[in-house]
Amino acid sequence: MLNPITLEPVPTQFEEAAALNMAVFADYYKRLRLLALSLFEWENLPESMNERFLEQCLYWYGKAAIVNDENLGIINTKCTPSESLNIYGEATEYHCYSTGYDKFFALDDMVYVRNNLEALPTDTTIQLFAQRLYEAERTIDVNIKAQKTPVIILCDEKQRLTMKNVYMKFDGNEPIIYGKKGLDIDDIKVLRTDAPFVADKLEEYKRNVWSEALSFLGINNVMTEKKERLVTGEVDANNQMIDLSAQTMLLTRELAAEKFNRLWPGRNISVRQRSYQEIIKRLGGADNGSVYNGTSETD
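What comes next is a walk through the structure. (Residues numbered from 1 in each chain as written. Predicted model: local features only at pLDDT ≥ 70, side-chain atom pairs only at ≥ 80, totals over all residues. Heavy atoms only, no water.)

Taken residue by residue, helix H2 (residues 51-61) has Phe-53, Leu-54, Glu-55, Cys-57, Leu-58 and Tyr-59 as its buried positions. N-capping of H2 is provided by Asn-50, with a side-chain oxygen placed 3.1 Å from the backbone N of Arg-52. In the stretch just after H2, Gly-62 is the one whose phi turns positive, near 85°. (Buried < 20%, exposed > 50% of the residue type's maximum accessible area, 1.4 Å probe, protein only. Helix = DSSP H or I, 4+ residues; strand = E, 2+ residues; numbered from the N terminus. Polar contact = N/O pair within 3.5 Å; in protein donor to acceptor, adjacent residues only side chain to side chain.)

With that settled, consider the sheet that holds strand E4 (residues 93-98). Taking strand neighbours across the sheet as the criterion, the five strands line up as E5-E4-E3-E2-E6 in an open arrangement whose pairing is antiparallel. The outermost strands of the open sheet, each flanked by one partner alone, are strand E5 (101-106) and strand E6 (111-114). Neighbour-to-neighbour, the strand axes of this sheet turn through a mean angle of 35°, independent of strand direction. In the sheet, strand E2 (residues 63-69) pairs with E6 via four bridges, with the strands oriented antiparallel. Each residue of the ladder has a partner; that of Lys-63, found in E6, is Arg-114. Contacts from H2 reach E2, strand E3 (73-81), E4 and E6, with the element oriented near 10° to E3. (Pairing = 2+ DSSP bridges. Axes fitted to C-alpha atoms, helices over the stretch in contact; angles between N-to-C directions. Contact = heavy atoms within 4.5 Å.)

Let us now look at a nonpolar patch on the surface. The grouping of Leu-117, Leu-251 and Leu-255 at the surface amounts to a nonpolar patch, some 280 Å² of accessible area in total. With respect to the helices, strands and loops of the structure, Leu-251 is situated in helix H6 (residues 232-263). Judged by its relative accessible area of 36%, Leu-251 falls in the partly exposed class. (Patch = residues over 30% accessible without salt bridge, like charges linked within 9 Å, V, L, I, M, F, W, Y side chains within 5 Å. Areas by Shrake-Rupley, 256 points an atom, 1.4 Å probe, with all protein chains shown as cover. Salt bridge = Lys/Arg side-chain N within 4 Å of Asp/Glu carboxyl O.)

All right, on to the pattern of salt bridges then. Applying the stated criterion to the full structure yields 13 salt bridges. Taking the shortest distance from any N to any O, the salt bridge between Arg-132 and Glu-212 comes out at 3.3 Å. One end of the pair, Arg-132, is in helix H3 (residues 123-148); the other, Glu-212, is in helix H5 (residues 199-216), with 80 residues separating them in the sequence. Take Glu-212: its relative accessible area is 39%, and that puts it in the partly exposed class. Put simply, Asp-141 and Arg-138 hold a salt bridge, and the shortest N to O gap is 3.0 Å. Of the two residues, Asp-141 and Arg-138 are both situated in helix H3; the distance of three residues between them amounts to about one turn of the helix.

To continue, consider the layout of surface pockets. Volume-wise, the second largest pocket comes out at about 220 Å³. Around the second largest pocket, the lining residues are Glu-90, Leu-107, Val-111, Tyr-112, Arg-114, Thr-252, Leu-255, Ala-256, Glu-258, Lys-259 and Arg-262. Looking at the lining of the second largest pocket, the elements with two or more residues in it are E6 and H6. Sort the elements by how many residues they give to the lining of the second largest pocket and H6 lands first, with six residues. By residue class, the composition of the lining of the second largest pocket is five nonpolar, one polar and five charged. (1 Å grid on protein atoms, 1.4 Å probe; cavity = no way out; pocket = protein on both sides within 12 Å on 5 of 7 lines; lining within 4 Å. Points joined across faces, edges and corners; volume = space filled by probe spheres on them. Nonpolar A, V, L, I, M, F, W, Y, C, P; charged D, E, K, R; others polar.)

See the structure below:
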């Protein structure tokens, strides 16, 4: 079907739903990815290095390299290990590369930076959380829609287009719907689906998934919970788990910083984890996290 004004194809209901599905997933994925890329702050890096690119490599690939190039100085690159291993199963040489750059360095002459002890990327887990959040959000949309239009219309095939237009007007919140004088309503049946309202439960589930995602990233998010639900012991246990999760990524970065300082004395680089408030401020959000999880402390 073409739009009579623009003569461009009009998206089908399926196409519109698919586009909205992708948009919701992409939105949650982007928000979580931005948080993950803002977790750590590297201090005293040489001007020839790029902190953003370093964290992106760790996020996407689980590993990165810092090398001292004779022409470019100390830089950070992507890297892949060689087939030659030492007695500890570590590659003895790495292919270090980026746009317009392609060299090999021995392990002893470079800093191999791991995202965690297994050099696993963060992105795979972030995608899983984004998928769960997207599913919850779209299910909420469908459930709310079912409260508005909890009906199935049965009609003759000849009246299908007419009923579709009637439904579109109803769905568009038109206060009055006019039918043609000759409209035969005798063969039209409406079945009620009576879908139960579960959007509030799904919203709670979505908050729990978001909280779990923040905990995975090592971001303390107790502030987004209803305080009356938590006792001191639960808060302490939650904080310990969050801190442990953060340490899995901070530890390997600190080890890389230590080797950097041994290889190139005088630089004294370091890395630290940003607090929740620092991350929100850096990303231009509000302290209560409403920018990211769609809720507030007063919910």
